[in-house]
Each structure stands twice: as structure tokens, then as C-alpha cells.
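# Report on the structure
This is what each chain is made of:
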Amino acid sequence: LRQAISRGVDRASVTVSLLSGHADEATLPVSPHAELYNETLAEELAYSLSAAEQLLTDGGYTKNDSGQLVRNGQPVTLTLLVNSENTFKTALADYLAEELGKLGLSVTVSRLPWDSYLAALEAGEFDLYLGQVRLTADFDLSALLTGALNYGGFQSAAVSALLSNFRAASGGARISAAYALYAQLASE
């Protein structure tokens, strides 16, 4: 489901239409202008409704008569959490809910003021959330994967090992380590 959601979001439309070009489209968790950005991997993970639908089918999801996605006879419903105090982010959340609706997902956008938004994040009261993260210049993902910003409680021994390798690497080895880390993240 996570892979399908990632493939089902048109990042180019988001950056051009909703963010007026004040962002760069990136499929990987690194700037597309950085040497760590692997174009081949990014293309494999790029927006594709047909690929997203195939991932859902392969994962045992089907659509009911009304076009809603179901698994084991149960409708798939998601809550997308967003800070209500930022109009750009609320518009983006509405767009994402609409885009994911094309896959048959029923997405409810939960707009909360900042303090309530943070409390909901910390309590894990969401399926998806729209946030903003400023990575350090070395694109270290530790805060998102193992640190204070890991609101979803993501854990993976393979990703942790690859993150450690990435953090320890330099030069060309860092580029290879980044590719391995991003590929593993995409597969999980």
C-alpha cells in the first residue's frame, strides 16, 4: 500500500501547480540536484497510476462496485493529518486526498491547529501526515528514520544498517551507500 501511494502521487503537478515552482520534484529523500540523487532509481519509482494500481492488485486489494479500494472485504480508509494554520499545506493535503482517491482510497483530511497536530503526530493518530523537514546538508535521514521525526514508528534492521553505512561513507562510496539506502527504503 505504501509503495502504491508513493507511485500514485504526481509530484510534478504538486511542485508546479500547488507550490508555484517553489519546490523541486523528488522521488527520493534527497534533493534532485545532489550527486546522491540516482536518476535511474528515481525513474523506477516515479509517478505512475498504472504501476500504483498493479501494486495494489498484487497486494490483494480490489475495488468494490462503487470504485472504493477494499482488502479482505473491508474498505481501505486513511486519515491524512495536516496543520490547519498553513493554507498551502491544507490545499496540498486536499490535492493528495483527491489524487489517492483515483486509486480508490478513501482519504479523510484531518486539519488541526499546530499544537493539536503535534499531539496527534506524537500519539500516532494518523495514517499519513503532511509535514516539512529540512535535512542537514549531508542529507542524513536519521531524524526521520530513527529519531524524533519518526512519528510512524518505522523500524527496519536492514534500513538501520544501510543508514549507518551511508553515514560512515565518503566520496564515491557515499553515492553507492545512498543508492542502497534509498532502494531499501523504497522496497519497504
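Now for a look at the structure at hand. (Residues numbered from 1 in each chain as written. Predicted model: local features only at pLDDT ≥ 70, side-chain atom pairs only at ≥ 80, totals over all residues. Heavy atoms only, no water.)

## Description of the sheet that holds strand S6 (residues 128–129)
As summarised here, the arrangement of the 3 strands in space is S5-S4-S6, forming an open sheet in which the pairing is parallel. A strand with exactly one partner marks an edge of an open sheet, and here the two such strands are strand S5 (106–112) and S6. In this sheet, S5 lies alongside strand S4 (residues 77–83) in parallel orientation, the contact comprising 7 bridges. Its bridge partner lying in S5, Thr79 is registered against Thr108. This element, helix H5 (residues 87–101), spans S4, S5 and S6 of the sheet and lies at about 170 degrees to S5. This element, helix H6 (residues 114–123), spans S4, S5 and S6 of the sheet and lies at about 135 degrees to S4. (Pairing = 2+ DSSP bridges. Helix = DSSP H or I, 4+ residues; strand = E, 2+ residues; numbered from the N terminus. Contact = heavy atoms within 4.5 Å. Axes fitted to C-alpha atoms, helices over the stretch in contact; angles between N-to-C directions.)

## What to know about the packing of helix H8 (residues 157–168) against helix H9 (residues 171–187)
Where H8 contacts H9, the two axes come as close as 8 Å, and the packing angle between them is 160 degrees. Between H8 and H9, the interaxial angle falls into the category roughly antiparallel. Seen along the crossing, H8 lies across H9 with a hand that is left-handed. Residues Ala158, Val159, Leu162, Leu163, Asn165, Phe166 and Arg167 of H8 form the contact with H9, whose own contacting residues are Arg174, Ala177, Ala178, Ala180, Leu181, Gln184 and Leu185. Tallied by class, the residues present in the contact of H8 with H9 amount to 10 nonpolar, 2 polar and 2 charged. (Parallel < 35°, antiparallel > 145°, perpendicular 65-115°, else oblique. Left-handed = near helix turned anticlockwise from the far one by under 90°. Nonpolar A, V, L, I, M, F, W, Y, C, P; charged D, E, K, R; others polar.)

It is worth stressing that arrangement in space is one thing and function is another; only the former is reported here.
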